[in-house]
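What the coordinates show
Chain residues, written in single-letter form:
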2 protein chains.
Amino acid sequence: MKATPKGNRLHIGLFGRRNVGKSSLLNSLTRQDAALVSDVAGTTTDPIEKPMELLPLGPVLFIDTAGIDDTGALGELRVQRTRQVLDRVDVGLLVSIAGEWGEFEEVILAELGGRGIPVIVVFNKSDCCAVDDGRLVALHERGALCVVTSAPRGEGLPALREALIQCAPDGFITPPAILGDLVPPGELAVLVIPIDLEAPKGRLILPQVQSIRDLLDNDAYCMVVKERELRGALDRLKRPPALVVTDSQAFLRVAGDTPDAVPLTSFSILFARFKGDLTEFVVGALAIDSLRAGDRVLVCEACSHHPIAEDIGRVKLPRWLRQYVGGRLEFTHLQGHDFPEDLGSYQLVVHCGACMWNRREVLSRIIRCRQAGVPITNYGLAIAFSLGIFQRALGPFPAALEAYRSHSLPRS
Amino acid sequence: MKATPKGNRLHIGLFGRRNVGKSSLLNSLTRQDAALVSDVAGTTTDPIEKPMELLPLGPVLFIDTAGIDDTGALGELRVQRTRQVLDRVDVGLLVSIAGEWGEFEEVILAELGGRGIPVIVVFNKSDCCAVDDGRLVALHERGALCVVTSAPRGEGLPALREALIQCAPDGFITPPAILGDLVPPGELAVLVIPIDLEAPKGRLILPQVQSIRDLLDNDAYCMVVKERELRGALDRLKRPPALVVTDSQAFLRVAGDTPDAVPLTSFSILFARFKGDLTEFVVGALAIDSLRAGDRVLVCEACSHHPIAEDIGRVKLPRWLRQYVGGRLEFTHLQGHDFPEDLGSYQLVVHCGACMWNRREVLSRIIRCRQAGVPITNYGLAIAFSLGIFQRALGPFPAALEAYRSHSLPRS
């Protein structure tokens, strides 16, 4: 966590009077993630910066305006301090309590709005103070997202996370590299791209094109080869490549032709990280181990027009999962932006690579699954797990491999 | 020419009564192309097959129904023979003379129409027989393309060529390989793709993606690398690649880093062949040598939204051409499907790679330029010529190199 430079974190300004429960709200968000909070305390009137790993959003910096949030009119110094905070936040979190909305909140809201900073209004302590619907509607009409929370009960936290994802600028939602960070500058990756009857004519699919471009953008280069020519291509090199990436469907064959010392993964796993959350999807894939005959699996595809994805989602993936489980499973297939309100009846959600979507939408679905207590993974990880090549495919990602090892060990 | 299997040639059925000038029409088309005609004579009632190289369309097979085209009603045998021809033609060419249209023509037209075969009606001998406009309109309304020709005067031949291009099925217009035929199966091509500020974000441009795919489709593979990493990438190989392809703009640097023994060309030159006619564009580029200060150059771009193409067409190409000519040139820039009716005021037409267009449209423009006697080339060939790397860039294409040598030698 500390490796992330402060400047790369999403800056979330936390505003609110005393006793609205800002600290407990922050702690609830923190505890739920089992992430470390290290307060960087300043003077009493200085805002307190709290770096956090807010899953699945990534590294954030909460700027808690403690010391400038006491009751009454804002004095000149306080206005000045608040303005300094306002100048550097990406998202504003205004915490209040139903019935206590007043001048302070209106000033903060106006200041944020005037700067074009997205605002989330949190009505906390919903356990003791009921929120007026008219207030919510009025705020919504002014462009603020509203969330009702109860920190001690943990209520509203998924909604708050989802609101943060909605508000975060694209730069924080889309990580900069697909695989460029795994291949040093001047180094070589080998991309294995099978061409079968289902491959769209005369072109490559988006994850392949984006991966090639990402390598070039990071001063690396690549070899692009079908699985049949892979062995000859590797033989042609004086030194082995820094990484081999394959289409998931060719994983077994490619693993056989790639020396053990060469890191190997799949496009789907790259996109689990790029468009979703790799650790979450790794933990989700481990749930395949607990599937029993008769369990329900929800298979989600972003687009309807992709014949390869359709074939994987409707034919190959169900077959591999059934083989692994050794019994019938009930599959439900969804396409597009619809996502069931009630996920509780599923034992697993398996998502496509979502190459045509932004990361925001996938992260929102991850939160929805967390909230419902349903594991979620993606095609590539589910395939790698059911084919028994999970550990090798996660080799290039130490954190994900660690998550796999800690979750798959028997617990005491 | 003989290397092209008969089955791969566009089959053009030639129908018409005696004395309408079918043979002289065919000879005019042939002479203009300086291509060999080798008649494969059959029995007197069998159709005669004439394989031809009909530039810029490529290899065709004229099936001349001589022997079944005499006057009068069609006898049973003749109907049968004609039907056999009808069963295998891709395009029907019905030659007639104004004033002689009758039952024979109507039967042929109906037979072709009933089979869904595109028809071109040629009213020949326009020098002596004026065509009735009403007849042309009526035929046009029945879906036939009409062309008025005079074989001895050479009139209407470009229009006939253009009609053939319009009628030819896509498979004959789009050649099967971009570069897959230049790289043997199991062999390696290196594709050099500079990433500058003008490169569209997060992806590759279409010719690059299509080239990668074409290699995979032909069981070859490739290395994709920026120009700065090329030397390191080549050093990593035990054997040199079969071909290096670069973006035209990086040609000089790439030529310096690529061993002389390795064939080198550019994406633009590949696309001169794939989307246009390489020999025609090579001859067109040689006209740069004859440009004088004050001459007019027409620069044509297929699309308006491509920042790289715009920069090349509007800034770099004009600069390189001016430097080569050593004086001012008048540039006119056109975008999209508009093409001037009157090309006569231009000394040269330079076209973009037309990666977003089908080949048909570029071939039509080539014919229009021929007709106006204006040389036409494309960006890549114009750049290669003005940078003095023409001969090396044509190395992989023996026929084009031969055209270059024969046209650039002083004539006696």
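The rules behind the values
- Residues numbered from 1 in each chain as written.
- Chains lettered and ligands numbered in written order.
- Predicted model: local features only at pLDDT ≥ 70, side-chain atom pairs only at ≥ 80, totals over all residues.
- Heavy atoms only, no water.
- Helix = DSSP H or I, 4+ residues; strand = E, 2+ residues; numbered from the N terminus.
- Contact = heavy atoms within 4.5 Å.
- Areas by Shrake-Rupley, 256 points an atom, 1.4 Å probe, with all protein chains shown as cover.
- Buried < 20%, exposed > 50% of the residue type's maximum accessible area, 1.4 Å probe, protein only.
- Polar contact = N/O pair within 3.5 Å; in protein donor to acceptor, adjacent residues only side chain to side chain.
- Salt bridge = Lys/Arg side-chain N within 4 Å of Asp/Glu carboxyl O.
- Phe/Tyr/Trp six-rings, centres within 6.5 Å; stacked < 30°, edge-to-face > 60°.
- Axes fitted to C-alpha atoms, helices over the stretch in contact; angles between N-to-C directions.
- Parallel < 35°, antiparallel > 145°, perpendicular 65-115°, else oblique.
- Nonpolar A, V, L, I, M, F, W, Y, C, P; charged D, E, K, R; others polar.
- Buried area = accessible area lost by both parts, 1.4 Å probe.
- Least-squares fit on C-alpha atoms with pLDDT ≥ 70 in both.
- Disulfide = S-S within 2.5 Å.
- Pairing = 2+ DSSP bridges.

As annotated in an unreviewed UniProt entry, chain A carries the name Iron-only hydrogenase maturation protein HydF and comes from Pelobacter propionicus.

Bringing the overall build of chain A into the picture now. Scanning chain A for helices and strands turns up 16 helices and 14 strands. Considering only contacts in chain A between residues 6 or more positions apart, those separated by 24 or more positions represent 75%. As displayed, chain A has an accessible area near 17100 Å², and 50% of this comes from carbon and sulfur atoms.

We now examine helix α14 (residues 379–386) of chain A. All names here are of chain A. Of all eight residues that make up α14, eight are buried, and the element is covered over most of its length. Buried residues of α14: Tyr379, Gly380, Leu381, Ala382, Ile383, Ala384, Phe385 and Ser386, and no others. The N-cap of α14, judged by a side-chain oxygen 3.2 Å from the amide nitrogen of Gly380 a few residues on, is Asn378. Following α14 by one or two positions, Gly388 has its phi on the positive side, about 80°.

Turning next to the pattern of salt bridges. Within this structure, the stated rule accounts for 31 salt bridges over all chains. In this structure, Arg231 of chain A and Asp257 of chain A form a salt bridge, with 2.6 Å as the shortest nitrogen-oxygen distance. Of this pair, Arg231 of chain A sits in helix α8 (residues 230–235) while Asp257 of chain A sits in helix α9 (residues 251–257), and the two are 26 residues apart along the sequence. For Arg115 of chain B, the salt bridge is made with Glu111 of chain B, and the minimal N-O distance between the two is 2.7 Å. Of the residues examined, Arg115 of chain B reaches a relative accessible area of 31% and is grouped as partly exposed. Relative accessible area serves as the criterion here: at 19%, Glu111 of chain B is assigned to the buried category. Overlapping salt bridges bring together Asp219 of chain A together with Lys226, Arg228 and Glu229 of chain B as one network.

Under the counting rule described, the total for this entry stands at 10 aromatic pairs over all chains. Ring geometry for Trp101 of chain A against Phe123 of chain A: centres 6.0 Å apart, planes inclined by 45°, an arrangement best described as tilted. Residue Trp101 of chain A is found in the loop between β4 (91–97) and α3 (103–114), and its partner Phe123 of chain A is found in strand β5 (residues 119–124); the two are separated by 22 residues along the sequence. Accessibility assignment for this pair places Trp101 of chain A and Phe123 of chain A in one class, buried. For the pair Phe271 of chain B and Phe274 of chain B, a centre-to-centre distance of 5.3 Å together with 75° between the ring planes defines the contact as edge-to-face. Residue Phe271 of chain B and its partner Phe274 of chain B are both found in helix α10 (residues 267–275); the two are separated by three residues, about one turn of the helix.

All names here are of chain A. As a packed pair, helix α7 (residues 206–217) and helix α10 (residues 267–275) sit with axes 11 Å apart at the nearest point and diverge in direction by 75°. It follows from the interaxial angle that α7 and α10 lie roughly perpendicular. Seen from α7, the contacting residues are Pro207, Gln208, Gln210 and Ser211; seen from α10, they are Phe267, Leu270, Phe271 and Phe274. Taken together, the residues of the contact of α7 with α10 sort by class into five nonpolar, three polar and no charged.

Moving on, we get to unusual backbone geometry. Residue and element names in this part refer to chain A. Residue Lys125 is not a glycine yet carries a positive backbone phi of 60°. Residue position: Lys125 is located in the loop between β5 and α4 (133–141). Among the residues examined, Lys125 registers a relative accessible area of 27% and is labelled partly exposed.

Another point: the interface of chain A and chain B. One widely used convention gives an interface's size as the accessible area the parts lose upon coming together. Each partner contributes residues to the interface: chain A has 35 residues there, and chain B has 35 residues. Between chain A and chain B the total buried area reaches about 3000 Å² when both faces are included, carbon and sulfur atoms providing 56% of it. It is Arg213, Tyr221 and Arg236 of chain A in chain A that bury the most area against chain B; as a group they hold 29% of the surface buried on that side. Across the chain A-chain B interface, the total number found is six salt bridges. One salt bridge in this structure joins Arg236 of chain B and Glu187 of chain A, with 3.0 Å as the shortest N-O distance. Our count for the contact surface shared by chain A and chain B stands at 20 residue pairs in polar contact (both at pLDDT 80 or more). At the level of secondary structure, the elements contributing two or more residues to the side of chain A that touches chain B comprise α7, β8 (221–225) and α8 of chain A.

Turning next to the side chain of Gln208 of chain A. All names here are of chain A. Tracing the backbone shows Gln208 in helix α7. Look at Gln208 and you get buried, because its relative accessible area is 6%. With residues up to four places along the chain from it excluded, the contact list for Gln208 reads Ile193 and Phe267.

Turning our eyes to something else, we now look at the relation of the copies chain A and chain B. You can overlay chain A on chain B at an RMSD of 0.1 Å; the transform is a turn of 180° with a shift of 0.1 Å along its axis. The symmetry that links the two subunits is that of a two-fold axis. The position closest to the rotation axis in chain A is occupied by the C-alpha of Met223 of chain A, lying 2.1 Å away. Of the interface residues in chain A, 100% have counterparts in chain B that sit at the interface too, so the contact is made through matching surfaces.

Evaluated as defined, the whole model comprises zero disulfides over all chains. Here Cys222 of chain A stays unpaired: no disulfide links it, and the sulfur of Cys222 of chain B, its closest cysteine neighbor, is 7.0 Å away. Taking relative accessible area as the criterion, Cys222 of chain A reaches 0% and is therefore assigned buried.

Residues and elements named next belong to chain A. With six of its seven residues buried, strand β3 (residues 58–64) lies for the most part within the structure. Two strands pair when backbone bridges link them, and strand β1 (residues 10–15) and β3 are joined in this way by five bridges, in the parallel orientation. For His11, the partnering residue across the bridge sits in β3 and is Leu61. When strand β2 (residues 48–54) meets β3, the two strands line up antiparallel, connected through seven bridges. Bridge pairing in β3 places Glu53 opposite Pro59. Counted along the chain from β2 to the antiparallel partner β3, the turn is three residues long.

Within a beta sheet, neighbouring strands are joined by backbone hydrogen bonds and run either parallel or antiparallel to one another. All names here are of chain B. If you walk across this open sheet you meet the four strands as β12-β11-β13-β14, and the pairing is parallel. Each edge of the open sheet is held by one strand with a lone partner, namely β12 (330–335) and β14 (376–378). Strand-to-strand twist across the sheet, computed as the mean angle between neighbouring axes with direction ignored, equals 25°. Bridge analysis of strand β13 (residues 348–351) against β14 gives three bridges, and the strand direction is parallel. Across the sheet, Val349 pairs through a bridge with Ile376, a residue of β14. Taken strand by strand, helix α11 (residues 278–286) contacts β13 and β14, and its axis lies near 100° from that of β14. Across the face of the sheet, helix α14 (residues 379–386) comes into contact with β11 (296–301), β13 and β14 while running at roughly 90° to β14.

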